[in-house]
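Each chain, letter by letter, is given below.
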Amino acid sequence: MAVATVAALLAALGGTLWLAARRFVGAGVQRLHGGGNAGLMHGKTVLITGANSGLGRATAAELLRMGARVIMGCRDRARAEEAAGQLRRDLRQAGGPEPGPDACGAGELVIKELDLASLRSVRAFCQEMLQEEPRLDVLINNAGIFQCPYTKTEDGFEMQFGVNHLGHFLLTNLLLGLLKSSAPSRVVVVSSKLYKYGDINFEDLNSEQSYNKSFCYSRSKLANILFTRELARRLEGTNVTVNVLHPGIVRTNLGRHIHIPLLVKPLFNLLSWAFFKSPVEGAQTSVYLASSPEVEGVSGKYFGDCKEEELLPKAMDESVARKLWDISEVMVGILK
Ligand SMILES: NC(=O)c1ccc[n+]([C@@H]2O[C@H](COP(=O)([O-])OP(=O)(O)OC[C@H]3O[C@@H](n4cnc5c(N)ncnc54)[C@H](O)[C@@H]3O)[C@@H](O)[C@H]2O)c1
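Residues numbered from 1 in each chain as written. Predicted model: local features only at pLDDT ≥ 70, side-chain atom pairs only at ≥ 80, totals over all residues. Heavy atoms only, no water.

Spelled out, the test is: UniProt positions are given in the numbering used here, feature names are shortened, and annotations may be inferred rather than shown by experiment.
Under the annotation held in an unreviewed UniProt entry, the protein chain carries the name Retinol dehydrogenase 14 and is attributed to Hipposideros armiger. On record in UniProt, under Sequence similarities (unreviewed entry), the comment for the protein chain is "Belongs to the short-chain dehydrogenases/reductases (SDR) family."

Points about the overall build of the protein chain
Applicable threshold: Numbering of helices and strands starts at the N terminus; helices are DSSP runs of H or I of at least 4 residues and strands are runs of E of at least 2. Atoms counted for the radius of gyration: C-alpha only. Globule rule: 2.2 Å times the number of residues to the power 0.38. Buried, partly exposed and exposed residues are distinguished by accessible area as a fraction of the type maximum, computed with a 1.4 Å probe on protein chains only: under 20%, between the cut-offs, and over 50%, respectively. Any pair of residues with heavy atoms lying within 4.5 Å of one another is described as a contacting pair. All accessibility values rest on the Shrake-Rupley procedure with a 1.4 Å probe; residue burial counts only the protein chains present in the view. Note on charges: Lys and Arg go in the positive column, Asp and Glu in the negative column, and His and the chain ends are not counted at all. A charge is said to be at NZ when it belongs to Lys, at CZ for Arg, at CG for Asp and at CD for Glu.
When helices and strands are tallied, the protein chain shows 10 helices and 8 strands. Its C-alpha atoms give the protein chain a radius of gyration of 20 Å, within 12% of the compact-globule value 20 Å for 336 residues. Projected onto its principal axes, the C-alpha positions of the protein chain cover 70 × 55 × 35 Å. Buried residues in the protein chain amount to 49% of all 336 residues. A fraction of 78% describes how many contacts in the protein chain between residues 6 or more apart in sequence connect residues 24 or more apart. Within the structure as shown, the protein chain displays about 15800 Å² of accessible surface, and the carbon and sulfur contribution to it stands at 56%. Between the centroid of the 38 positive side chains of the protein chain and the centroid of its 34 negative side chains there is a distance of 4 Å.

Side note on a nonpolar patch on the surface
What counts, and what does not: Within this analysis, patches are made of residues with over 30% relative accessible area and no salt bridge. Like charges are joined at 9 Å or less; nonpolar side chains (Val, Leu, Ile, Met, Phe, Trp, Tyr) at 5 Å or less. Salt bridge, as used here: a side-chain nitrogen of Lys or Arg that lies within 4 Å of a carboxyl oxygen of Asp or Glu.
On the surface, Leu263, Val264, Leu267, Phe268, Leu271 and Phe275 cluster together into a nonpolar patch covering about 600 Å² of accessible area. If you trace the backbone, Phe268 turns up in helix H7 (residues 265–275).

Points about the sheet that holds strand S6 (residues 240–246)
Test applied: Strands were regarded as paired on the criterion that DSSP finds at least two bridges between them. Interaxial angle, 0 to 180 degrees, is taken between N-to-C directions of lines fitted to C-alpha atoms, where a helix line uses only the stretch in contact.
Taken together, 8 strands build an open sheet; the order of strands is S3-S2-S1-S4-S5-S6-S7-S8 and the sheet is mixed. Taken across any chain shown, the strands that pair with only one partner, and hence form the sheet edges, are strand S3 (109–113) and strand S8 (307–308). Of the pairings in the sheet, the one linking strand S4 (residues 138–141) to strand S5 (residues 185–190) comprises 4 bridges and is parallel in character. Paired with Leu139 across the strands is Val187, a residue of S5. With respect to the sheet, helix H9 (residues 284–291) is in contact with S4, S5, S6 and strand S7 (302–304), its orientation differing from that of S5 by roughly 160°.

Let's talk about the site of the ligand
Where we set the bar: The cutoff for a nearby residue is simple: one of its non-hydrogen atoms must lie within 4 Å of the molecule or strand. In the scheme used here, Gly and all other residues not listed as nonpolar or charged are polar, with Ala, Val, Leu, Ile, Met, Phe, Trp, Tyr, Cys and Pro taken as nonpolar and Asp, Glu, Lys and Arg as charged.
Around the ligand, a shell composed of 27 residues is seen, among which Leu55, Asn142, Tyr217, Val250 and Thr252 lie nearest. About the coverage of the ligand: the protein hides 95% of its 830 Å² of free accessible area. Looking at the shell around the ligand, the elements that each hand over two or more residues are helix H2 (54–65) and helix H6 (213–234). Of the residues contributing to the shell around the ligand, the split by class is 12 nonpolar, 11 polar and 4 charged.

A short note on the packing of aromatic side chains
Quick note on the threshold: Two aromatic rings, drawn from Phe, Tyr or Trp (for Trp, its six-membered ring), form a pair once their centres lie within 6.5 Å of each other, and the interplanar angle then sorts them: stacked below 30 degrees, edge-to-face above 60, tilted otherwise. Throughout this description, the term charge over a ring refers to an Arg CZ or Lys NZ atom that lies within 6 Å of the ring centre and within 35 degrees of the ring normal.
Across all of its chains, the model carries 8 aromatic pairs by this definition. Seen in terms of ring centroids, Phe227 and Trp325 are 5.6 Å apart; in terms of plane orientation they differ by 10°. Their pairing is stacked. In this pair, Phe227 is assigned in helix H6 and Trp325 in helix H10 (residues 318–332), connecting sequence segments 98 residues apart. Relative accessible area serves as the criterion here: at 3%, Trp325 is assigned to the buried category. A network of ring pairs unites the aromatic residues Phe169, Phe227 and Trp325 as a single cluster. Stacked on the ring of Trp273, the Lys or Arg Arg251 has its end atom at 3.8 Å from the ring centre. Stacked on the ring of Phe202, the Lys or Arg Lys323 has its end atom at 4.4 Å from the ring centre.

Right under this line is the structure:
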């Protein structure tokens, strides 16, 4: 019995190590940008929020290789410059379009400052976009914050709801005119499967009465889905589509607010190398929804691993989606 248990544990450890090693060398990464997709995004301008790290950065890299001109909407210019430098070097090494503007901006990277925790910053960013950008083909609402301690945005909103939902709500609304004039165009929203554990508790949207960091993350990700479905309804007939996705569990720094005891960290790192997706793998559904001709005209849908998936009824409740839209308009101060 004891021998069998030890053998099973050794086999599990061996399997984990083998999987971790395969992931470490990038084995098995399925990418969409190769072959026939190489020039698919030529002439297209894509805005990605939170593009200096994790999924946003991997999405930027993939779309640059497909010939897009990418605008990185980032809080910290210095960190964004560093990420952009690396992206340019990687692009050169991969033989992608030469960085720097050509006739249609293929492979060009532009950094613009955007803090989604400040409605003032979102408004200033959009004003700059409207003044400087003649077109916007794809908006990817990717930035996010996960299970942080209770804090408020500059405007006094609970941070996860403020950044993940309200900041992107205002951003998208202020850029809709540009997206419409560039149609056919697309909005891609990065949500999470954890939406299942959230609820839109209208009586305490700001979490003044109680704060549960995991509930608030899930609520913000449910809000992302309800927002997508209501926006899709409002955009019918405009040739601007909007879809939402979950990327899977991805090895990024999103969990920076989660405390993992020092002794457990090596085991956690090993398990994450073995079982979590790499950022490149995690980015594929964002890349798919931003670029694939297969989803031309598809709107209001929820995707995972580049396939449409079913939603729980609470994420399809139209009356909740409309009420959330109306309340969000008031919260961000959009005048009708
Ligand atoms: N990593 C995962 O397993 C996972 C799973 C499901 C969903 N997601 C979602 O994927 C998205 C990207 O996360 P990630 O895993 O790449 O993590 P990440 O921490 O690497 O990226 C998040 C990005 O958002 C930016 N950001 C945070 N607050 C901001 C603010 N106030 N203004 C502007 N930018 C801000 C960060 O600077 C960072 O670039 C998030 O929306 C997250 O909720 C991730």
